[in-house]
Amino acid sequence: MSLVHAVKRRICRFEMVPNYPIGELATWAEENGHNPAAMLEAVRQVKQELGAELEALERSDTVSPAVLIQNEYWCFYADQVCGFYRSLTIGSASSGWKRVQHN
């Protein structure tokens, strides 16, 4: 399974909680040796896929509001994860990547 597919599986879960935690995904990535730059690229690809899927769903006349809301939430969560990894890669450009505490 590619990193993009593995990340998408972790983002697209059928649960919605306020302030979805990034720590579980970040810990998984670190334990599996995926550096922040690789994760950032994978999450960007997932965001593109989710955006395209959401556009298709919005054009559909038969999709339920619950499905739209769930997909919008996945897009929102992917955006949060992307911001997290973007901040890590910006910070690591000058000091080298090091272990980060996650919430």
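Model, not experiment: these values are computed from the prediction.

## Brief notes about the confidence of the model for the protein chain
No. 1: Confidence along the protein chain averages 86 in pLDDT terms, with 82% of residues attaining 70 or more.
No. 2: Looking across the protein chain, the model is least confident in helix 4 (residues 65-95), with a mean pLDDT of 86, and most confident in helix 3 (residues 36-59), with 96.

## Some words on the side chain of N71
No. 1: Relative to the assigned elements, N71 resides in helix 4.
No. 2: At 2.8 Å, the side chain of N71 and the backbone oxygen of V67 are in polar contact.

## Quick look at the pattern of salt bridges
No. 1: Evaluation of the coordinates by the stated rule reveals four salt bridges.
No. 2: For K8, the salt bridge is made with E49, and the minimal N-O distance between the two is 3.1 Å. Of this pair, K8 sits in helix 1 (residues 3-11) while E49 is found in helix 3, placing the two residues 41 residues apart along the sequence.
No. 3: On the accessibility criterion, E49 (29% relative accessible area) is partly exposed.
No. 4: With a closest N to O distance of 2.5 Å, E53 and K8 form a salt bridge. Of this pair, E53 sits in helix 3 while K8 sits in helix 1, and the two are 45 residues apart along the sequence.
No. 5: On the accessibility criterion, E53 (31% relative accessible area) is partly exposed.
No. 6: Judged by its relative accessible area of 15%, K8 is buried.

## Details of the packing of aromatic side chains
No. 1: Per the counting criterion, the structure on display carries two aromatic pairs.
No. 2: Relative to F76, the ring of Y73 has its centre 6.2 Å away and its plane inclined at 45°; by these criteria the two rings are tilted. Of this pair, Y73 and F76 both sit in helix 4, three residues apart, which is roughly one turn of the helix.
No. 3: Judged by relative accessible area, which is 45%, F76 ranks as partly exposed.
No. 4: Ring geometry for F84 against Y85: centres 5.0 Å apart, planes inclined by 80°, an arrangement best described as edge-to-face.
No. 5: On the basis of relative accessibility, which here comes to 3%, the residue Y85 falls in the buried class.

## Details of the packing of helix 1 against helix 3
No. 1: Close contact between helix 1 and helix 3 brings their axes to 9 Å; oriented N to C, the two are set at 65°. Here helix 1 runs over helix 3; the crossing is right-handed. Residues L3, V4, V7, K8 and I11 of helix 1 pack against A38, M39, A42, V43, Q45, V46, E49, L50 and E53 of helix 3.
No. 2: Classifying every residue of the contact of helix 1 with helix 3 gives 10 nonpolar, one polar and three charged.

## Re the nonpolar core
No. 1: With 26 residues, the main nonpolar core has V7, I11, L50 and Y85 as its most contacted residues.
No. 2: Those elements that place two or more of their residues in this core are helix 1, helix 2 (23-31), helix 3 and helix 4.
No. 3: Tallying contributions element by element places helix 4 first for this core, with nine residues.

Cut-offs and rules
Residues numbered from 1 in each chain as written. Predicted model: local features only at pLDDT ≥ 70, side-chain atom pairs only at ≥ 80, totals over all residues. Heavy atoms only, no water. pLDDT = per-residue confidence, 0-100. Helix = DSSP H or I, 4+ residues; strand = E, 2+ residues; numbered from the N terminus. Polar contact = N/O pair within 3.5 Å; in protein donor to acceptor, adjacent residues only side chain to side chain. Salt bridge = Lys/Arg side-chain N within 4 Å of Asp/Glu carboxyl O. Buried < 20%, exposed > 50% of the residue type's maximum accessible area, 1.4 Å probe, protein only. Phe/Tyr/Trp six-rings, centres within 6.5 Å; stacked < 30°, edge-to-face > 60°. Axes fitted to C-alpha atoms, helices over the stretch in contact; angles between N-to-C directions. Left-handed = near helix turned anticlockwise from the far one by under 90°. Contact = heavy atoms within 4.5 Å. Nonpolar A, V, L, I, M, F, W, Y, C, P; charged D, E, K, R; others polar. Core = buried A, V, L, I, M, F, W, Y, C linked by side-chain atoms within 4.5 Å.

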